[in-house]
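Report on the structure
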Amino acid sequence: MKSRANGYVFALVAIVIFAIQDGISKHLGALYPPVFVSMIRYWAFAAFAVVLAARGPGGLKVTIVTKKPALQVLRGVLLPTQIVVVITAFTIVGLAHSQAILAATPLFVALLSMPLLGERVGWRRWLAISAGLVGVLLILKPQQGTFDMSFLLPLSAALMFSIYIIATRLVSRGGDSAMTSFFYTGIVGAVAISLVGPFFWTALAPTDWVWMLLLCITGTSSHYFLIRAYEMLDAVAVQPLSYLQLVFASIMGVTIFGETLTANMILGSILVVAAGIFTVWREHVVARRKAGLPPR
């Protein structure tokens, strides 16, 4: 019980830090090229991944061995690309609105799991996915009668992260450990974004170096606490808590950045979150049933 309680604490701390990280990303993304901001952040993340892998069982010698190198490279390139798109979305679309759309990621994962993973989705999950997609449409509903093309940014980010999750599941099925995947996410991602980022290099104001340092610290510490949470809790327990990030993002968006929450966005977000939680729970139930374990 103490272990599970600690897991919930780690998960909540991670989510709070992720929300702070998003706010800092929006601030810096409005002042500097998102590719440049992401590159600096990713350098810190890669260093953290190396340190963590070196301290793991077997050290780097064991961690770097992968049975799915192509998929690991795909994952490594996808995530920094997605981060750049997310920071751009925070700046153009807004923090709260972007997070509301990104909350639909579990629904996209469920949809993609059928053609890419060969998984079967039952009527209950289909119903939840349908309800969630209605929520997404409500969030995207034009306020002035025309669709805002900038909404394609968070939508694209959600789809990219969904593909990243699917690729992660595939490498896991192939035998790669979570630490191996984490290592390649950091190293390949850092190399990939470093091929592009220097072309966007911009001199930072002295005060913004403080914000950049805070972004690097939050970027590494949030992942550390999330890893600790997953050591003690199942994904089905962590996922519902992760939707608190939408709540925190909305609070920051309104109070700090002067964003406005519409009725459509609030109602749509409720539908998306409820559908996402149910979808993750059903995946958990089905997985335990296939493993011959009692549902819980």
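Residues numbered from 1 in each chain as written. Predicted model: local features only at pLDDT ≥ 70, side-chain atom pairs only at ≥ 80, totals over all residues. Heavy atoms only, no water.

An unreviewed UniProt entry lists the protein under the name DMT family transporter, from Sinorhizobium garamanticum.

Turning next to the overall build of the protein. Secondary structure assignment for the protein yields 13 helices and zero strands. The secondary structure elements of the protein, listed N-terminal to C-terminal, are α-α-α-α-α-α-α-α-α-α-α-α-α. What you see for the protein is a C-alpha radius of gyration of 19 Å, in line with the 19 Å of a compact globule of 296 residues. C-alpha extents for the protein along the principal axes are approximately 55 × 50 × 40 Å. With 296 residues in all, the protein has 49% of them scored as buried. At a minimum sequence separation of 6, the contacts of the protein that also span at least 24 residues come to 88%. Total accessible area on the protein stands at roughly 14,100 Å², and carbon and sulfur atoms take up 72% of it. (Helix = DSSP H or I, 4+ residues; strand = E, 2+ residues; numbered from the N terminus. Rg over C-alpha atoms; globule rule 2.2 N^0.38 Å. Buried < 20%, exposed > 50% of the residue type's maximum accessible area, 1.4 Å probe, protein only. Contact = heavy atoms within 4.5 Å. Areas by Shrake-Rupley, 256 points an atom, 1.4 Å probe, with all protein chains shown as cover.)

On to helix 7 (residues 123-140). Helix length check: helix 7, at 18 residues, gives a terminal C-alpha distance of 25 Å against a target of 26 Å (1.5 Å per residue), a fit within 8%. Residues of helix 7 that are buried: Arg125, Ala128, Ile129, Gly132, Gly135, Val136, Ile139 and Leu140. Buried residues along helix 7 cover an arc of 135° about the axis, so they all sit on one side. Exposed residues pointing more than 90 degrees away from the buried face of helix 7 are listed as Trp123, Leu127 and Leu137. Along its buried surface, helix 7 packs onto helix 5 (95-102), helix 6 (105-117), helix 8 (152-173) and helix 13 (263-290). (Expected span 1.5 Å × (residues − 1). Arc of directions from axis to C-beta.)

Let us look at the UniProt feature "domain: EamA" (unreviewed entry) in the protein. Mapped onto this numbering, the UniProt entry gives "domain: EamA" (unreviewed entry) at residues 7-140 and 152-279. The span residues 7-140 is 84% helix and 0% strand, and its two end C-alpha atoms sit 35 Å from each other. (UniProt positions renumbered as here; feature names shortened; annotations may be inferred.)

Counted by the stated rule, this structure contains 11 aromatic pairs. Relative to Phe182, the ring of Phe48 has its centre 5.9 Å away and its plane inclined at 90°; by these criteria the two rings are edge-to-face. In this pair, Phe48 is assigned in helix 2 (residues 34-55) and Phe182 in helix 9 (residues 178-194), connecting sequence segments 134 residues apart. Since its relative accessible area comes to 16%, Phe48 is described here as buried. Plain terms: the ring middles of Phe161 and Tyr164 are 5.4 Å apart, the flat faces sit at 20° to each other, and that makes the pair stacked. Here Phe161 and its partner Tyr164 are both found in helix 8, three residues apart, which amounts to about one turn of the helix. With a relative accessible area of 29%, Phe161 lands in the partly exposed category. Classification of Tyr164 as buried rests on a relative accessible area of 12%. Taken together, the aromatic side chains of Tyr32, Phe36, Trp43 and Trp201 make up a single cluster linked through ring pairs. Above the plane of the ring of Phe257 lies Lys26, whose end atom (NZ or CZ) is 5.1 Å from the centre. (Phe/Tyr/Trp six-rings, centres within 6.5 Å; stacked < 30°, edge-to-face > 60°. Lys NZ or Arg CZ within 6 Å of the ring centre and 35° of its normal.)

This part takes up the pattern of salt bridges. Applying the stated criterion across every chain yields a total of one salt bridge. Residue Glu259 pairs with Lys26 through a salt bridge whose shortest N-O separation is 3.7 Å. Residue Glu259 is found in the loop between helix 12 (244-255) and helix 13, and its partner Lys26 is found in helix 1 (residues 2-29); the two are separated by 233 residues along the sequence. (Salt bridge = Lys/Arg side-chain N within 4 Å of Asp/Glu carboxyl O.)

We now examine the packing of helix 5 against helix 8. Two elements in contact, helix 5 and helix 8, have axes separated by 8 Å at closest approach and are oriented at 40°. Note on packing geometry: the crossing formed by helix 5 with helix 8 is right-handed. Only Pro154, Leu155, Ala157 and Ala158 of helix 8 make contact with helix 5, whose side of the interface consists of Ser98, Ile101 and Leu102. (Axes fitted to C-alpha atoms, helices over the stretch in contact; angles between N-to-C directions. Left-handed = near helix turned anticlockwise from the far one by under 90°.)

This part covers the nonpolar core. Ranked by internal contacts, the top residues of the largest apolar core, which has 61 residues, are Leu28, Phe36, Val37, Tyr42 and Met212. In terms of residues, this core owes the most to one element, helix 2, which gives 11 residues. Residue contacts for Leu28: discarding those within four places in its chain leaves Val37, Asp208, Trp211, Met212 and Leu215. Within the second largest apolar cluster, nine residues are counted, among which are Phe10, Met232, Val238 and Leu241. (Core = buried A, V, L, I, M, F, W, Y, C linked by side-chain atoms within 4.5 Å.)

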